[in-house]
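Overview (structure and organization)
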Amino acid sequence: MSLTIDYQQPNRGLATLAIGGRLDAQTAPELDAAAVTAGEGVSDNATIVLDMKGLDYISSAGLRSIAKLRRAMQARGGTVLLVNPQPQVRKVFDIVKAVPVNEVFTSIAELDAYLDTMQRKVIADGKDS
């Protein structure tokens, strides 16, 4: 099975990579290339969302690709958030502790609620200044 990647960039502060299939040694270079494109398309301090709803399998090569993307975005003050991991993929992340738990969301709704809370916090903190 191959890897599918759907890239969406509604604005310079956000990009989504919806990935499906298998993320392994054969397909990880495809994610690496898509991540470069996504990174070039967003501003510093941006967020890249990896929607993993269609991802059936991830290997250590896939974990390396995600780690590489996370490091690149962190260096620019940005973030990578993971949403909709299948149970077997989530288990891999749990086992290897590859991504902090607060950066993995079970659904887009959960991610949106988190982002809403963070924005409200920034607004509230700004009013206190």
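Residues numbered from 1 in each chain as written. Predicted model: local features only at pLDDT ≥ 70, side-chain atom pairs only at ≥ 80, totals over all residues. Heavy atoms only, no water.

**Notes on the environment of I5**
The residue I5 is located in strand β1 (residues 3-11) in this model. With near-sequence residues (within four places) excluded, I5 lies in contact with L17, A18, I19, E30, L31 and A34. (Helix = DSSP H or I, 4+ residues; strand = E, 2+ residues; numbered from the N terminus. Contact = heavy atoms within 4.5 Å.)

**Thoughts on the pattern of salt bridges**
Enumeration according to the criterion identifies three salt bridges in this entry. Close ionic contact of R22 with D24 constitutes a salt bridge, the shortest N to O distance being 3.4 Å. We classify D24 as buried; its relative accessible area is 12%. A salt bridge links K68 to D32, with the shortest nitrogen-to-oxygen separation between them at 3.3 Å. Here K68 is found in helix α2 (residues 60-75), whereas its partner D32 is found in helix α1 (residues 28-41), with 36 residues between them in sequence. (Salt bridge = Lys/Arg side-chain N within 4 Å of Asp/Glu carboxyl O. Buried < 20%, exposed > 50% of the residue type's maximum accessible area, 1.4 Å probe, protein only.)

**A few points about the side chain of N84**
For N84, the position within the fold is in the loop between β4 (79-83) and α3 (87-96). Within the local environment of N84, its side chain forms a polar contact with the side chain of D51, the two groups lying 2.9 Å apart. Among residues more than four places away in sequence, those in contact with N84 are D51, M52, K53, F105, T106, S107 and I108. (Polar contact = N/O pair within 3.5 Å; in protein donor to acceptor, adjacent residues only side chain to side chain.)

**Some points on the nonpolar core**
Counting residues in each nonpolar core, the largest one holds 27 residues, and the members touching the most others are L23, L50, M52 and I66. Among the elements of the structure, β2 (14-23), α1, β3 (47-58), α2, β4 and α3 are those that each provide at least two residues to this core. Apart from residues lying up to four places away in sequence, L23 is in contact with L3, A28, L31, L55, Y57, I58, S59, G62 and I66. (Core = buried A, V, L, I, M, F, W, Y, C linked by side-chain atoms within 4.5 Å.)

**A few points about the packing of α1 against α2**
Between α1 and α2, the shortest axis-to-axis distance is 9 Å and the interhelical angle comes to 10°. Viewed along their axes, α1 and α2 adopt a mutual orientation that is roughly parallel. Here α1 and α2 pass one another in a crossing that is right-handed. Between α1 and α2, the residues in contact are A28, L31, D32 and A35 and A61, G62, S65, I66, K68 and L69, respectively. Here the contact of α1 with α2 is composed, by residue class, of six nonpolar, two polar and two charged. (Axes fitted to C-alpha atoms, helices over the stretch in contact; angles between N-to-C directions. Parallel < 35°, antiparallel > 145°, perpendicular 65-115°, else oblique. Left-handed = near helix turned anticlockwise from the far one by under 90°. Nonpolar A, V, L, I, M, F, W, Y, C, P; charged D, E, K, R; others polar.)

**As for unusual backbone geometry**
You will see that N45, though not glycine, has its phi angle at about 65°, which is positive. Tracing the sequence through the fold places N45 in the loop between α1 and β3. Residue classification places N45 among the exposed positions, given a relative accessible area of 58%. Phi is positive for N84, which is not a glycine, with a value near 55°. On the accessibility criterion, N84 (13% relative accessible area) is buried.

By themselves, these are just geometric observations and shouldn't be taken as functional.
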